[in-house]
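Listed here are the chains, written in short residue letters.
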Amino acid sequence: MTRTQALRALSEEHSAHNYHPLPIVIAEAEGAWVTDVEGRRYLDMLAAYSAVNFGHRNPRLIAAAQRQLERVTLVSRAFDHDQFGPFVKELAELAGKDMVLPMNSGAEAVETALKAARKWGYEVKGVPADEANIITFEGNFHGRTTTIISFSTDPDARNSYGPYTPGFRTVPYGDVDALKAAMDEATVGVLIEPIQGEAGVNVPPSGFLTAVRELCSAGGALMIADEIQSGLGRTGTTFAVEHENVVPDMYLLGKALGGGILPVSAVVADADVLGVFRPGQHGSTFGGNPLACAVAREVIAMLRTGEYQERSRVLGAHMHERLGALPGDAVREVRGRGLWAGVELNGKARPVSERLMELGVLAKETHETTLRLAPPLVVEKDDLDWALDQLEIALRD
Ligand SMILES: *Cc1c(COP(=O)(O)O)cnc(C)c1O
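Rules behind the numbers
Residues numbered from 1 in each chain as written. Predicted model: local features only at pLDDT ≥ 70, side-chain atom pairs only at ≥ 80, totals over all residues. Heavy atoms only, no water. UniProt positions renumbered as here; feature names shortened; annotations may be inferred. Salt bridge = Lys/Arg side-chain N within 4 Å of Asp/Glu carboxyl O. Helix = DSSP H or I, 4+ residues; strand = E, 2+ residues; numbered from the N terminus. Buried < 20%, exposed > 50% of the residue type's maximum accessible area, 1.4 Å probe, protein only. Expected span 1.5 Å × (residues − 1). Contact = heavy atoms within 4.5 Å. Pairing = 2+ DSSP bridges. Axes fitted to C-alpha atoms, helices over the stretch in contact; angles between N-to-C directions. Domains from an automatic or database assignment. Buried area = accessible area lost by both parts, 1.4 Å probe. Polar contact = N/O pair within 3.5 Å; in protein donor to acceptor, adjacent residues only side chain to side chain. Phe/Tyr/Trp six-rings, centres within 6.5 Å; stacked < 30°, edge-to-face > 60°. Core = buried A, V, L, I, M, F, W, Y, C linked by side-chain atoms within 4.5 Å.

- For the protein, an unreviewed UniProt entry supplies the name ornithine aminotransferase and the organism Thermomonospora cellulosilytica.
- Of the protein, the UniProt comment under Cofactor (unreviewed entry) reads exactly: "pyridoxal 5'-phosphate".
- Of the protein, the UniProt comment under Sequence similarities (unreviewed entry) reads exactly: "Belongs to the class-III pyridoxal-phosphate-dependent aminotransferase family."

With respect to the pattern of salt bridges
- Throughout the structure, instances matching the rule amount to 22 salt bridges.
- Its salt-bridge partner being Arg71, residue Asp82 comes within 2.5 Å of it at the nearest N-O pair. Linking Asp82 in the loop between α3 (59-69) and α4 (84-95) with Arg71 in the loop between α3 and α4, this pair joins segments that are eleven residues apart in sequence.
- Overall, the relative accessible area of 43% leaves Asp82 in the partly exposed class.
- Look at Arg71 and you get partly exposed, because its relative accessible area is 48%.
- When the shortest N-O distance is used, the salt bridge between Asp385 and Arg322 registers 2.9 Å.

Section: helix α12 (residues 307-324)
- In this model α12 runs 25 Å from its N-terminal to its C-terminal C-alpha over 18 residues, within 8% of the 26 Å that 1.5 Å per residue would give.
- Here α12 has its buried residues at Tyr308, Gln309, Ser312, Leu315, Gly316, His318, Met319, Arg322 and Leu323.
- Packed against the buried residues of α12 are α11 (290-304), β11 (331-336), β12 (341-345), β15 (370-373) and α14 (381-396).

Some words on the sheet that holds strand β8 (residues 222-226)
- Pairing in this open sheet of seven strands is mixed, and the strands run β4-β10-β9-β8-β7-β5-β6 from one edge to the other. At either margin of the open sheet sits one strand with a lone partner, and together these are β4 (99-103) and β6 (168-171). Mean inter-strand twist for the sheet, computed between neighbouring axes without regard to direction, equals 20°.
- As paired elements, β4 and strand β10 (residues 265-269) share five bridges and run antiparallel to each other. Among the inter-strand pairings, Pro102 is bridged to a residue of β10, identified as Ala266.
- In the packing of α4 onto the sheet, the strands contacted are β4, β9 (250-253) and β10, and the crossing angle to β4 comes to about 115°.

Focus on the domain arrangement of the protein
- Segmentation of the protein into domains returns domain 1 (3-57 + 307-396) and domain 2 (71-304).
- Here domain 1 and domain 2 have C-alpha centroids that lie 27 Å from each other.
- Taken together, the contact between domain 1 and domain 2 spans 27 residues of the former and 27 residues of the latter.
- Among the residues domain 1 hides against domain 2, the three largest losses belong to Gln309, Arg337 and Trp340. Together they make up 33% of the total.
- Where domain 1 packs against domain 2, one counts one salt bridge.
- Arg372 serves as the salt-bridge partner of Glu198, at 2.9 Å between the closest nitrogen and oxygen.
- The interface formed by domain 1 and domain 2 contains 19 residue pairs in polar contact (both at pLDDT 80 or more).
- Elements that contribute at least two residues to the side of domain 1 that touches domain 2 include exactly α2 (47-50), α12, β11, β12 and β15.

A few points about the packing of aromatic side chains
- Enumeration according to the criterion identifies seven aromatic pairs in this entry.
- Between Trp33 and Trp386 the ring centres are 5.8 Å apart and the planes differ by 35°, which places this aromatic pair in the tilted class. On the criterion of sequence distance, the pair formed by Trp33 in strand β2 (residues 33-36) and Trp386 in helix α14 is long-range, its members being 353 residues apart.
- What makes Trp33 buried here is its relative accessible area of 17%.

With respect to the nonpolar core
- In this structure, Leu91, Leu179, Leu323, Leu373 and Leu391 are the most contacted members of the largest nonpolar core, which totals 81 residues.
- A total of nine residues in this core trace back to one element, the largest contributor, which is α11.
- Both domains that furnish three or more residues to this core are identified here as domain 1 (3-57 + 307-396) and domain 2 (71-304).
- When near neighbours in sequence (up to four residues on either side) are disregarded, Leu373 contacts Met45, Met319, Leu323, Leu339, Trp340, Ala341, Val343, Ala363, Leu388 and Leu391.
- In terms of nonpolar packing, the next biggest core, distinct from the first, is built from 30 residues, Ala116, Phe168, Met250 and Leu252 among them.

Section: unusual backbone geometry
- With an omega dihedral of 0°, the bond running from Gly162 to Pro163 counts as a cis peptide bond.
- Take Pro163: it is sitting in the loop between α7 (155-158) and β6.
- Of note in this structure, Ala48 is not a glycine but carries a positive phi near 50°.
- Tracing the backbone through its elements, the reader meets Ala48 in helix α2.
- Not every positive phi belongs to a glycine, and Leu232 is a case in point at roughly 60°.
- Here Leu232 is to be found in the loop between β8 and β9.

Here it is as structure tokens:
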């Protein structure tokens, strides 16, 4: 038995089977590359679903974490610490908003936004008690809590987890008329991914984000942009809503905010929205901890230079050009922006990701027929080209 087989057997036997990983066991990683327990190297074309935007063990982020490990790591929100104030100020500034509410996982940021929108609806907009509704979109992915899966349209994510949380209305993604028809005086928020990640990197029709913004403003509802996967450089801009020059009322951030080191998420909004929370009304033991704040501050500093957004834009244009030239008998459609692509195949995607792994490239299918590509934004152009060569080979045989 190889080491890989022995370790995979442990996972199979003792881990719940809520994932279907590729048969690889990673031991080390640096930049865009990972090494498995047999010493084989692979180019990471998934980047932990964009949590590793800045590459594995980015030296600046590791140094920030190490400095903080030597000082203080956790105090809870019962006390302030010297990373907290600067972190919330710097993140608010990056998004052009007043305030930040830090959490840990992406799902917690979404839950926080749903609570903020409802509380804002009752206390500011004047919606009668318990009558608020929030609009969501078909194909959405916002996390795994019981409330969030209540408005999922993916049977795998939703089935057998009822009874479901009421108060959500789901309309087709990209359908302005359906959105308009679903909104009423009790609508307090519209929760949207500017590009749907898990659904297969679905880019909405041009003008859709603008229409959502206008309908929210006209109807007195909060536009809540879930940028947990699309934000922080992935699409070639700091936030994906920038592609339509749209400013949402709330930004939800996560994944890359933790620099690939630890989970860090946040809701970023103005004081008229986040100001609804008073002491004791919401919280998290680990949210905004010193280690998380120190790493996230370094992430924010790196984003302020614009260099990662630029890499995503330039290399992303190159990647999409090459993906667009793939043979039409194998590839039905390529979607995405920047260094982010959903490659819609004519057949199943799983065998292609398995073949790619054998060729030294890590990518992952989403649903049956979509191959998702999202390399770290630090990927070298030659490495990216090599990975795309391997994809051509994998699709050919
Ligand atoms: C990953 C993701 C989430 C959930 O984040 P977790 O950290 O896994 O809870 C929410 N929204 C979007 C758009 C995501 O991609």
